[in-house]
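Structural features, examined
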Amino acid sequence: MMGRTMFIDPGRCIGCQACVSACRECDSHRGKSMIHLDYTDEGSSVASLPTVCMHCEDPVAPCAEVCPADAILVTADGVVQQADTTRCIGCANCVNACPFGVPKIDLQAKLQMKCNLCYDRTAYGLAPMCATVCPTGALYYGTVEELQAERPGVQVADTFVFGESEVRTGVAMVVPAERVQWPVPGGLPVVEINGKDVRR
Amino acid sequence: MTADPRAADGRTIVPLDPSLAPPGTRGFRDAGGIPADQWHADQNGETLVPTHCCFCGVQCGMYLRVDRGGKVFGVEPRNHDINRMRLCPKGINAYQQVNHPDRLTAPLMRRSRDEELREVSWEEALEFTVSEIRRIQQEHGRDAFGVLGGASLFSEKTYLVGKFARVALKTRHVDYNGRLCMVSAAGANKLAFNIDRAGNPFSDILLTDCLLLAGANVGECFPVLTQYVWGARDRGATLIVVDPRETAVARTADIHVALKSGTDSAFFNAVLNVIIEEGLTDEAYLAAHATGWEEVKANVAQYPPSRAAEICGIPAEQVVQVARAFARAPKAMAFHARGIEHHTQGVENCLTVINLCTATGHIGKPGAGYGTLTGQGNGQGGREHGQKADLLPGGRSILNEEHRRQICEIWGIEESELPAAGTSMMEMVWQMQRQEIRGLIGICNNPFVSLPNYAVVKEGYDTTEFHAQFDFFLSETAANAHVVFPVTIWAEDEGVMANAEARVVKHNKAQEPPSGVRTDTWVMCEIARRLGEGDKFAFGSSREVFDELRRASAGTIIDYSGITYERLEETGGISWPCPSTDHPGTPRLFEDGTTYHADGKIHMQVVEWHPPADPYDAEHPMTLTTGRTVAHFLSGNQTRRLGALVEQTPRPWAEVHPSHGFHNGEPVRVVTRRGSEVFPALVTEAIRPDTVFIPYHWPVPTAANALTIDALDPRSKIPEYKVCACRIEHAEAIDEVPAPPVAPGHVAYPETQVSRTDPLPPTAPQGRGTSERS
Ligand code: SF4
Ligand code: SF4
């Protein structure tokens, strides 16, 4: 995507859950939040990390790829939509396919729900609810140029490594400047995965 | 103020044809989300009413979404100068209070505390209240009746509280819950500058080279300000955080001074010592603009870094690092909050920070100055116009004859009729215990949760012969009252608040109050009328009160006379002093170097560190400190009813260091000289090993304030919430940890179930736990 998109900067997150509350207020899935907020190193730090749908580009949306009912639409502008309610059978294939753990299943309704980048807002030029309210800018919506103009020297990555596989996403993550030339491993900014230095 | 960067490039998102909007969506707004014509309805018939958050002193702008039936049903971010669309979880959920099933919609009453509260007519409630006021004042004198106000009220109402107490009830006993908030900073600012407000607007944070946050948990208490802090950091500013806990902002600080609670003045004295030793003072500035410098200099010589290291329990090098970073920065700013203010030397702590700013010349410039972050929405405005025991409108002193005369003229009473100064909130409770105060009206406050030493507070209120409370929810304190008046919530009336920058902002009315509910203004005026003072309380609206307030403040330092509702709506807020309608207001103080003292100088003050009031001993070797969590506001009367916030943080916890051998979620008993309570442990390295932290938003049996001490700062009379001696023990069983006191009527959100789960152990306290994967 990398037009106007979401940028995630865990270094700024204060774990306030404004994004979670805002997501609940969003009209496209009102009352339910589609954001994961993780406290990554509990007990030794107050660090926290929000995850929204990463809108995978390459391979194109694993969740949509595995959906047997063709319920997950990817729009021309790269937004991976939540399941079409008239098609979704609630099988949870998407949940298992997603490398970032994003889609949720409402077991009663047999329906998948996920972040669809507030398509009802972004289609009209507004930022998604979570990035609009995030008090710290840990979730930021705009172009990479806008981000860099506001935060001099900021570097982003949109490629993640899971073992042998790489996933390129429409949503990018702010990474330490010295690490920008390498993919971000496993969705979290660590250097090693299973004892292997993924920078090599 | 820099504009929202997402709109600052001149880009306008051209609104699409509304007919192209997908069915069921909300239509469009412009790039910033603000329709130019503000009161705007989209194609769904929804109206957006511009207003501000009712909670903290940031006063974020927001729209309330109002449906065709005139009911508030949601929130939409608003590109106001202060918050530029951002909101914290409290702000996002605030609208849910408005039509909450727990709203009080009829007066409640009982003639004695043995009876249950029952719904009565307004006539019966008012009649009983007025007869009790008359009875108590006839039997025991006028001062036997007291009034306690609140700093979440609009300024019009806080003005009216002061006038109501002194003119209608003719009592000297009036104070407010801002007494528990930033009065220490107010006292220090008056001493140093003779003006009680922050020196700089928030936007100056973006211009500074060094930001010192002292006892200010910005991430949880003023979350939207974090954007300014990060903005400063993006531009290379050094961030210094002084806090016993590693808060979310401290985590990213260049220097985090994790000092022992209650030792702040020793630390700041030592920092100034190093600044002097290293020749980093701004002598030219001091010579031109300060008095008392020689005395301060001589005093801080007693505080070398080694002494601070010993008192504060920190490495001496940190003192040097902070001194160099702050003094060498071309522009530096210091913000403090309750962390250094909630002490028996709260005023002195603030004075040591002011001394630092003064000695380095970091005052009165863009990006250089000082400020206090107010916890309550109208923490600043709530104390400006006469709600405080010793103050008259415009910050005039009730002890000053000239000031008394001026106000009596406006109020139309004889000077001899105006009562003397009263006592502070905690002192009033002690007087209630001693039956010196026998009747009380509380207006939108909840001392049963928010005052220290709960046992004393409960006894004080229980001893009181008559107690009436104004509120929109039945708070723990209202449940103790004889009469509860159901009053409007913020979205049902208009009025102004002054935020932590002293920027006056206007709140607008978004819906009509439920039938049976009246405005606080109406109730006070009606009681006054029945007491025979109706001619002085002939106010039909907030606007009429505001016009009198403007006149009453004219010519004072806290001058509102140039501020009108219309100007506030046009400008998005005006900082006082604003002496005329063509005056732009005063966002930054002292730009010409002069303060509001007669000599125009900053009066530096000598501060000696002294230990906290509650001494440590073998039984109580640790420090208990209290504070807030991001999901809740003050006594929790409002936020403990909102589903999302309750789920985010359903209960308090005791934060302890791993060295004590607790497991996460294990019951820990915290014992102070006031009592003991059991909490689930939150084990974290983010706190000093000698300190335990409990958030205070809950009532007994998990009330932090059942344990804290009711010792007061001798000048500001603020309680010492931030430090008391305690010990922690393993409690026997998890069932000793009482169930979280969820307020009735809390509406839970049905959370989507998730197949991919990795939940924390069920005992882990929420708030710092994994949020969305249960
Ligand atoms: S709103 Fe922003 S700062 Fe708060 S938890 Fe979400 S991402 Fe983090
Ligand atoms: S509580 Fe404070 S920071 Fe949060 S939205 Fe309200 S005014 Fe803004």
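The present account deals with the structure reproduced in this document.

1. Thoughts on the packing of aromatic side chains
All names here are of chain B. This structure, assessed with the given rule, holds 21 aromatic pairs over all chains. Arranged with centres 6.4 Å apart and planes meeting at 70°, the rings of Tyr159 and Trp411 form a pair that is edge-to-face. In this pair, Tyr159 sits in helix 3 (residues 155-168) while Trp411 sits in helix 14 (residues 401-411), placing the two residues 252 residues apart along the sequence. Take Tyr159 and Trp411: they sit in the same class, and that class is buried. Relative to Tyr228, the ring of Phe202 lies with its centre 6.0 Å away and its plane at 55°, an arrangement referred to as tilted. One end of the pair, Phe202, is in the loop between helix 4 (183-193) and strand 9 (210-214); the other, Tyr228, is in helix 6 (residues 226-234), with 26 residues separating them in the sequence.

2. Quick look at the site of ligand 1
Taken together, 14 residues surround ligand 1, and among them A:Cys13, A:Cys16, A:Gln17, A:Cys19 and A:Cys134 come closest. Of the residues belonging to the shell around ligand 1, the class tally is 11 nonpolar, 3 polar and no charged.

3. Examining the pairing of strand 3 (residues 61-66) of chain B
All names here are of chain B. In terms of residue burial, strand 3 counts as a mostly covered element, since 6 of its 6 residues are buried. Burial along strand 3 is two-sided: Gly61, Tyr63 and Arg65 facing one way and Met62, Leu64 and Val66 facing the other are all buried. Pairing analysis gives 6 bridges linking strand 2 (residues 47-52) to strand 3, with the strands arranged antiparallel. Within strand 3, the residue paired with Leu48 across the bridge is Arg65. Bridge count between strand 3 and strand 4 (residues 72-77): 5 bridges; the pairing is antiparallel. By the bridge assignment for strand 4, Met62 is matched with Pro77. Taking the residues that link successive antiparallel strands as the turn, the strand 3-strand 4 hairpin has 5 residues, and the phi of Gly70 there is positive, at about 85°.

4. With respect to the pairing of strand 7 (residues 145-149) of chain B
Residue and element names in this part refer to chain B. Among the 5 residues that make up strand 7, 5 are buried, leaving the element largely enclosed by the rest of the structure. Of the two faces of strand 7, the one holding Phe145, Val147 and Gly149 and the one holding Gly146 and Leu148 are both buried throughout. Pairing geometry for strand 7 and strand 8 (residues 174-176), over 3 bridges, is parallel. Bridge assignment links Leu148 to a residue of strand 8, and that residue is Asp175. After leaving strand 7, the chain enters helix 3 and then returns to the sheet as strand 8, a path that is right-handed.

5. Thoughts on the nonpolar core
Core analysis: the biggest nonpolar cluster contains 130 residues, and B:Phe267, B:Phe485 and B:Ile527 have the highest contact counts within it. The element contributing the most residues to this core is helix 7 (residues 264-277) of chain B, with 9 residues. If sequence neighbours within four positions are ignored, B:Phe267 has contacts with B:Val242, B:Val257, B:Leu259, B:Ala308, B:Cys312, B:Ile314, B:Val319 and B:Val322. If you look at the next biggest cluster of nonpolar residues, it comprises 87 residues, including A:Val46, B:Tyr228, B:Phe472 and B:Trp490.

6. What to know about the state of the cysteines
All names here are of chain A. Counted according to the given criterion, the structure contains 0 disulfides over all chains. Here Cys53 is not disulfide-linked; the sulfur of Cys115 is the nearest cysteine sulfur, at 5.1 Å. The exposure class assigned to Cys53 is buried, which follows from its relative accessible area of 6%. Counting only cysteine sulfurs, Cys94 is the nearest neighbor of Cys88, a cysteine outside any disulfide, at a range of 6.6 Å. Classification of Cys88 by relative accessible area gives buried; the value is 17%.

7. Section: the sheet that holds strand 19 (residues 483-486) of chain B
Residues and elements named next belong to chain B. The sheet built from 7 strands is open, its strands ordered 6-5-19-18-17-7-8 with mixed pairing. At either end of the open sheet lies a strand with only one pairing partner, and these are strand 6 (118-119) and strand 8. Along the sheet, helix 2 (residues 122-140) contacts strand 5 (108-109), strand 6, strand 7, strand 17 (439-443), strand 18 (466-471) and strand 19; its crossing angle with strand 19, the most-contacted strand, is approximately 130°. Running at roughly 180° to strand 7, helix 3 makes contact with strand 7, strand 8 and strand 17 of the sheet.

8. Quick word on unusual backbone geometry
Omega for the peptide link from A:Asp58 to A:Pro59 comes to 0°, which places this bond in the cis form. Tracing the sequence through the fold places A:Pro59 in the loop between strand 4 (56-58) and helix 2 (62-66). Here the amide bond leading from B:Val700 into B:Pro701 is cis, since omega sits at 15°, within 30 degrees of zero. Checked against the element boundaries, B:Pro701 lands in the loop between strand 28 (691-695) and strand 29 (724-730). Here B:Lys170, not a glycine, exhibits a phi torsion of approximately 55°, which is positive. Position of B:Lys170 among the secondary structure elements: in the loop between helix 3 and strand 8. At B:Lys717, a residue that is not glycine, the phi angle is positive and equals roughly 60°. Examined against the element boundaries, B:Lys717 turns out to sit in the loop between strand 28 and strand 29.

9. Some thoughts on the sheet that holds strand 22 (residues 574-575) of chain B
Residue and element names in this part refer to chain B. Taken in spatial order, the 3 strands line up as 20-21-22 in an open sheet, and their pairing is antiparallel. If you trace the sheet from one side to the other, it starts and ends with strand 20 (495-498) and strand 22, each paired once. As judged from the 2 bridges shared by strand 21 (residues 503-507) and strand 22, these two strands associate in the antiparallel manner. From the neighbouring strand, Arg503 faces strand 22, where its bridge partner is Ser575.

Thresholds applied
Residues numbered from 1 in each chain as written. Chains lettered and ligands numbered in written order. Predicted model: local features only at pLDDT ≥ 70, side-chain atom pairs only at ≥ 80, totals over all residues. Heavy atoms only, no water. Phe/Tyr/Trp six-rings, centres within 6.5 Å; stacked < 30°, edge-to-face > 60°. Helix = DSSP H or I, 4+ residues; strand = E, 2+ residues; numbered from the N terminus. Buried < 20%, exposed > 50% of the residue type's maximum accessible area, 1.4 Å probe, protein only. Near = heavy atom within 4 Å. Nonpolar A, V, L, I, M, F, W, Y, C, P; charged D, E, K, R; others polar. Pairing = 2+ DSSP bridges. Right-handed = clockwise from strand over helix to strand, strands pointing away. Core = buried A, V, L, I, M, F, W, Y, C linked by side-chain atoms within 4.5 Å. Contact = heavy atoms within 4.5 Å. Disulfide = S-S within 2.5 Å. Axes fitted to C-alpha atoms, helices over the stretch in contact; angles between N-to-C directions.

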